[in-house]
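This is what each chain is made of:
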Amino acid sequence: MIRFPVFDVQTEGGSVDQAIDALIAPVTNLVQQVILFPLPIPGSEANLPFVVVWLVVAAVLFTFYFRFINLRGLAQGFRLVRGDFNDPRAAGEVTHFQALATALSGTVGLGNIAGVAIAVSVGGPGAIIWMMLAGFLGMSSKFVECTLGVKYRSINRDGSVAGGPMWYLSRGLADRGPGLARLGKFCAVLFAIFCIGGSFGGANMFQSNQSFQQFVGVTGGADSWFADKGWLFGLILAFFVALVIIGGIRSIARVTSKIVPVMAGIYISAGLVIIAVHIEQVPSAFSLMLSSAMGISSVAGGALGVLAIGFQRAAFSSEAGIGSAAIAHSAVRTDEPVSEGLVALYEPFVDTIVVCAITGLVIVISGAYVADSGMGGVELTSQAFGSVIGWFPYVLAIAVILFAYSTMLAWAYYGQQCFAFLFGDSRAVAATYKVLFLIFIVIGASMQLGAVIGFSDAMILAMAFPNLLGIYFLLPTVRRELDKYMEKVKAGTLPIFRQ
Amino acid sequence: MSELYLVGLDGSDASQRALAEAERQAKLSNAALIVSYVIPWSPFTFSTPEENANRHQRREEELSRASECVLKPEQQRLIGEGLETGIEVRHGHPARTLVQLAKENDADMIIIGATGDRPLKTRIIGGTAAAVIHIAPCPVLVVP
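Parameters at a glance
Residues numbered from 1 in each chain as written. Chains lettered and ligands numbered in written order. Predicted model: local features only at pLDDT ≥ 70, side-chain atom pairs only at ≥ 80, totals over all residues. Heavy atoms only, no water. 1 Å grid on protein atoms, 1.4 Å probe; cavity = no way out; pocket = protein on both sides within 12 Å on 5 of 7 lines; lining within 4 Å. Points joined across faces, edges and corners; volume = space filled by probe spheres on them. Helix = DSSP H or I, 4+ residues; strand = E, 2+ residues; numbered from the N terminus. Nonpolar A, V, L, I, M, F, W, Y, C, P; charged D, E, K, R; others polar. Buried < 20%, exposed > 50% of the residue type's maximum accessible area, 1.4 Å probe, protein only. Arc of directions from axis to C-beta. Contact = heavy atoms within 4.5 Å. Salt bridge = Lys/Arg side-chain N within 4 Å of Asp/Glu carboxyl O.

(A) Broad picture of empty space enclosed by the protein. The tally for this structure, following the rule as stated, stands at three cavities of 30 Å³ or more. Taken as a whole, the largest cavity holds about 120 Å³ of empty space. Forming the boundary of the largest cavity are A:Leu55, A:Val56, A:Ala59, A:Ala134, A:Leu137, A:Gly138, A:Ser141, A:Phe311, A:Ala314, A:Ala315, A:Ser318 and A:Ala320. At the level of elements, helix 2 (50–65), helix 7 (126–151) and helix 13 (302–318) of chain A are the ones that each hand at least two residues to the lining of the largest cavity. In terms of residue class, the lining of the largest cavity is made up of nine nonpolar, three polar and no charged. Considering only enclosed or pocket space, the second largest cavity measures out at about 80 Å³ in volume. Along its surface, the second largest cavity is lined by ten residues, and A:Ser105, A:Ser257, A:Ser406, A:Leu409 and B:Thr48 are the ones closest to its centre. Among the elements of the structure, helix 11 (250–277) and helix 18 (392–423) of chain A are those that each provide at least two residues to the lining of the second largest cavity. Residues belonging to the lining of the second largest cavity are distributed by class as follows: four nonpolar, six polar and no charged.

See below:
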């Protein structure tokens, strides 16, 4: 049996690690206390971090403000992804499908596969239901972000497209008056800082740290020759990342971007096979999930406690409201910003709702979560799959490392865009960022990161504050765009090119 | 009205022979030529964010390289030979795009090389030439 010590963040380790931890712990604690400020839930021992409330409130508001766009936009979104509106004269440009696939390969990863397992092990099977609901609400947040990302994108001097929250916050709010222009600029800068922090932390050090743990696990655990050579693993990983981001070796990036969807496909099919094998257990598994979601037999005390856990994991899983995906979606070729928003609905749909339902059902059916093993994260998912398909843990280990690699590549790009936004769009600035990024990979793999990981997670979640704050002021703009677009859809005046 | 032949170039030797044959045919029947180049591309591929950001730029480069380096020199030469010659560059599925071009221009014949693709691909899933023959709206001349 392979061990997946994914979330064992140990605090012992070398003296260097301890020194670093001690040095930055006060800062990280402060940041964490503000961003993850735990709001106590009445009648339960569970807490709800403030940022999760912030994300969920926004998602609910957007869902109502856009009159359930997460349901009524799905049909049109599907036609857009399928290519019904792809103009053959624009062949060779970025299509809706490509933009969606690119954004997905940045979000699919540890957050989704491990997230469900953590939710189940902490909050019981009911957390899955709440996680799916949060994913559903998050679709509305993605819609708004990605519509704005395309609407306010800008073109760099080298002709490449630059988009994302830093652009829609600064440009979008500037459109709405001089007072808001200052707020927009402030939000944009704050977002860029948090995004750079997140790209070094949760999307870099955390990923390289976790893939190293996976690697050690597969190659023999504590006896592995690699066990105490994290720096070497980090260097190798940094080398492969450097090939793509500095060497510009696009073939590797291209191979990765093809392997990741294949891996995701294998994961989903394996889950479906397991569910099909135990099809007679599905109704009872669902009823267990539902009753546990209502708090009838939940672990962390009361329905609200389960809800809190589910919503929190969903925030990590879909990144809806965080703003990161808007950067990837902005490169699409379209004259209608809303069209990319509708396509983006499918992102939380796939990475949170579908993956959660499948992973959750497998975990519940296999009963892996009941076995009081103290497991959480990928380890639990792996055991649940392994109980039916014996060799699957090996595949999962490879998948996790590849997902981590593609997440790093995607975030290296996000971070670089934000770095360029702050310090200017020049070769020297880009090179500085890339070198920093590579250094953090090595640090991430070679140290037992306690405080650093908490800090970097907080940085990613913190992106939601400036992002959503600015978006509230831009809602009327999005609504106007949406109404105009939906009228065209109804009237059938959008050019359709599919034969 | 004179006939119009569509030639597909892809940088392979066979496509050069197809062009030579097209030139011969055109001279015989006093036909006009369209020399085309299809850059293989699919709307359903997976790419990185960086590639996407630069895609528009790269597309322009690809189009201009194909037309400046490959098509325009041939066009000059053929016009010098007294043949009426147009050029077309497109992104897309090679066979489908060639057929699309033939339809758009109302071509009377498509002239292509037999072995532009890698041999293994041709063996297993069939080459571009075979696909064109299946869906073409007009006669197809395949040059070995």
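(B) Quick look at helix 5 (residues 128–135) of chain B. Residue and element names in this part refer to chain B. Taken together, the buried positions of helix 5 are occupied by Thr 128, Ala 129 and Val 132. Viewed along the axis of helix 5, the buried residues span an arc of 100°, placing them on a single side of the element. Exposed positions of helix 5 whose direction lies more than 90 degrees from the buried face are Ile 133 and His 134. Residues of helix 5 that are buried make contact with helix 3 (94–105), strand 4 (109–113) and strand 5 (140–143).

(C) Expanded view of the pattern of salt bridges. Evaluation of the coordinates by the stated rule reveals 18 salt bridges over all chains. The closest approach of N and O atoms between A:Lys151 and A:Glu481, which form a salt bridge, is 2.8 Å. Separated by 330 residues along the polypeptide, A:Lys151 in helix 7 and A:Glu481 in helix 21 (residues 464–491) bring together distant segments of the chain. Of the residues examined, A:Lys151 reaches a relative accessible area of 31% and is grouped as partly exposed. The exposure class assigned to A:Glu481 is buried, which follows from its relative accessible area of 13%. Note that B:Arg59 is salt-bridged to B:Glu60, the shortest N-O span being 3.8 Å. Through salt bridges with shared partners, one network takes in B:Glu23, B:Lys27, B:Glu74, B:Arg77 and B:Glu81.

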